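# Examining the three-dimensional arrangement
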Amino acid sequence: MTDDVIIKLAGITREYTMGTEQVRALRGIDLEIRRNEYVAIMGPSGSGKSTMMNLLGCLDTPTGGRYWLNGHEASQMKDDDLARVRNKEIGFVFQTFNLLPRASALANVELPLVYAGASGRDRRRRAEQALQRVGLGDRMHHKPNELSGGQRQRVAIARALVNNPSILLADEPTGNLDSTTSEEIMRVFGALHSQGQTVVIVTHEPDIAAHAHRVVMLRDGRVDSDRINPPRATGVAA
Amino acid sequence: MPLLEAVRLALSSIRAQKLKSFFSLVGVLIGVTFLIAVVSIVQGMNVYMTDKFAGALIGVNTFQLRQTPNFTMGNTTEAQWREWQRRPRITIEDAAYVESHMKTPVIFARSGYDRRGVAWQGKLAKDITLNTVDAEFFQIKHWNIAEGRAFTPQEVNANAEVAVLGWELAQRLFNGRDPLGQTISIGGLPHRVIGVVEKQGNLFGISMDKFVVTPITSPARRLTNRPHVIDDLQIQATNPALMRAAIEEVGELMRVRRGLKPSQPDNFQIQTAEGALSAWDKISRILFLALPGLVGISLVVGGIVIMNIMLMSVVERTREIGIRKALGAKRSDIMAQFVVESATLSLTGAAMGIVAGILLAFVIRAVTPLPAAVAPWSIGLGVGLGILVGMVAGVYPARQASRMDPIIALGHE
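As a starting point, this report considers the structure included with it. This one's a predicted model, so the numbers in the text were calculated from it and none came from an experiment. Residue numbers run consecutively from 1 along every chain, following the written order of its sequence. Working convention: letters from A go to chains and numbers from 1 go to ligands, in the order in which they are written. At least 70 in pLDDT is required for a residue's local features to be given in this predicted model, at least 80 for side-chain atom pairs to be given and counted, and no such filter applies to totals for whole chains, interfaces and linings, which use all residues. Excluded from the side-chain calculation are hydrogens and water; included are all heavy atoms of the structure.

### Regarding the pattern of salt bridges
Pairing of side chains with opposite charge becomes possible as their charged atoms draw close. By definition here, a salt bridge exists when the distance from a side-chain nitrogen of Lys or Arg to a carboxyl oxygen of Asp or Glu is within 4 Å. Considering all chains together, one arrives at 31 salt bridges over all chains under this definition. A salt bridge links R123 of chain A to E110 of chain A, with the shortest nitrogen-to-oxygen separation between them at 3.2 Å. Of this pair, R123 of chain A sits in helix α4 (residues 120-133) while E110 of chain A sits in helix α3 (residues 105-116), and the two are 13 residues apart along the sequence. Between E184 of chain A and R154 of chain A there is a salt bridge, with the nearest N and O atoms lying 2.8 Å from each other. Here E184 of chain A is found in helix α6 (residues 179-194), whereas its partner R154 of chain A is found in helix α5 (residues 149-161), with 30 residues between them in sequence. Note on classification: 1.4 Å probe, protein chains only; a residue is buried when its accessible area is under 20% of the maximum for its type, exposed when over 50%, partly exposed between these limits. Take E184 of chain A: its relative accessible area is 25%, and that puts it in the partly exposed class. One salt-bridge network, in which partners are shared between bridges, spans R317, E320, R324 and E341 of chain B. Only runs of H or I of at least four residues qualify as helices and only runs of E of at least two qualify as strands under DSSP, and these elements are numbered from the N terminus.

### Some words on the sheet that holds strand β1 (residues 5-18) of chain A
The strands that make up a sheet are held in pairs by hydrogen bonds between backbone atoms, and each pair lies either parallel or antiparallel. Residue and element names in this part refer to chain A. For two strands to be treated as a pair, DSSP must find at least two bridges joining them. On the basis of which strands lie adjacent, the open sheet formed by 4 strands has the order β2-β1-β4-β5 and antiparallel pairing. Looking at which strands have only one partner, the edges of the open sheet turn out to be β2 (21-34) and β5 (72-73). Pairing geometry for strand β4 (residues 64-69) and β5, over 2 bridges, is antiparallel. Bridged to L69 within β5 is H72.

### Description of the pairing of strand β8 (residues 198-202) of chain A
Residues and elements named next belong to chain A. The buried fraction of β8 amounts to 5 of the 5 residues, a majority that puts the element mostly inside the structure. In β8, alternate side chains face the same way, and those of T198, V200 and V202 on one face and V199 and I201 on the other are all buried. As paired strands, strand β3 (residues 38-42) and β8 are joined by 4 bridges and run parallel to one another. Paired with A40 across the strands is I201, a residue of β8. Where strand β7 (residues 167-171) meets β8, 5 bridges bridge the pair, whose relative direction is parallel.

### Looking at α4 of chain A
Helices are assigned an expected span. That span is 1.5 Å times one less than the residue count. Helix length check: α4 of chain A, at 14 residues, gives a terminal C-alpha distance of 20 Å against a target of 20 Å (1.5 Å per residue), a fit within 8%. In this description, contact between two residues means that some pair of their heavy atoms is separated by no more than 4.5 Å. Of the surrounding elements, those touching the buried residues of α4 of chain A are α3 and α5 of chain A together with α1 (3-16) of chain B. Remark: G135 of chain A follows α4 of chain A within two positions and exhibits a positive phi of approximately 80°.

### Things to note about the sheet that holds β3 of chain A
Residues and elements named next belong to chain A. Ordered in space as β6-β7-β8-β3-β9-β10, the 6 strands form an open sheet in which the pairing is mixed. Unpaired on one side and paired on the other, β6 (90-93) and β10 (222-228) mark the two borders of the sheet. Across the sheet, the axes of successive neighbouring strands diverge by a mean angle of 20°, strand direction being ignored. For helices, the fitted line uses only the C-alpha atoms of the stretch in contact; every axis is such a line through C-alpha atoms, and the angle between N-to-C directions lies from 0 to 180 degrees. Together, β6 and β7 form the strand contacts of helix α2 (residues 79-89), whose direction differs from that of β6 by roughly 80°. In the packing of α5 onto the sheet, the strands contacted are β6 and β7, and the crossing angle to β6 comes to about 170°.

Structure follows, in structure tokens:
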């Protein structure tokens, strides 16, 4: 494993018991993602996409196999260590934004720093920087319901970035947005990637996956294909 | 997560749901209101009883040598009552014996009393306390003279037919006119008014100014007791440290004078202010025993209500918990958030209860003769109980919250 490998999955399996039935969501995944890669994980529903996302995000642990994230072996971790890894190494962006409705944009972005134990002044400064990075420097004190869908997702992205995570992990980030706004959000991801951020997007939309440089296709809990996307003619806006 | 952060978070979610929060803390509010109000009243009564009641009725640093107690507490048995009645009365000779043998420095005043009508120029004031006493009585009572003067030991020796009036009696008979030099009739016996005592005020709504004082040698003396008999010998120690020694010495002298064997009980009574207060002590002890029960029930109910509200809140905020966990909140962070929120909620109730309790105490003081003094320790206790109830009530809901699976919580609508 070289220093450049940020994610390494080896023989990952994940099984659930639903009632009396044993569901094998992941059946042996081997995957490496390097620093500053831009990867889309695709697959039809039931392919194990969501399970994969939860495992990568350290919200869940595998039944078998090993998972290293930025040198830490996450597959054996207990609850509190997983929480620490989620806080320091992962920046989540969700389909439904998942912002706290009563908190301002700034307070939402500060949240990961609260759990990282940063001081109030430091938190505020870093949260302001993150919001400026996604172009929301003038909306910091708005509540989520005072923002458009695209703006909400930008707040979520700022929140994901604020702890300088190893990977930005997005789950259907444009699923609740119209196509114009989707493009706008994808441009943000592209810009972040070009600034050196490792980005992993879980999606079922080929249009979205087309923005990534590499597409991993899952089928029935296995990697079906893993290919490099041809460079896009439109390129990425910095 | 730092405590301050958790408290700020808690306050914001309480503010977000004001009405629901208020209802959820009513139980704690009532419990603490009870606590503050009852303690205030009992404390107020304590101050009142020790300062005023004991001071006014017995006198500071003073005790009385009597035949029987003048304040009986609780139920007196028939046998006890008969034993009291069989005791010899206190006589002038008893008093003289004690006075002449006493070594501890004290002041003596022999006294007798009764209730009589007092008249002046056809006006009659009924049911006036008549005290026939030595001149030292004024000193023992700490009475100041508003008009004229008190009588002197010389006047007592000279069987002077003089009287000093209580403030209210003077008002009733003379109604603003100068009473000094006027001759009043006490139970038909003429006495010349030489002074009026300063106003003493009320005790439990009863006027302390309806009295007349004459020398123990005056004609009115016939109205209080048989010749040679007195109701009590009042003894005041010259300083508080000598009280105990004085009480013991008087007891010893009386036992010697009456020739009591060591096996025989005292056949006289030494009445102290503490003795008079023992009935009140009993009442306040019962109140203080009942208080934890009353407060406890309200707080337990309040705690259960808060626990329920918190459980509901945990379910309603499942998604928020999921978000927080995804962003790196540990179990302990979520636990702390909900325990602090519950404690803050409860403490808010306790704070409102403290304010309500103090207001209630003031209202009671304003509309009843009962005094009320807010005890600082009861406020401290109210705050402590508020936090404790909230924390205890919050533990279970907070555990539920902290154990949520973030994946399921995030998927919750």
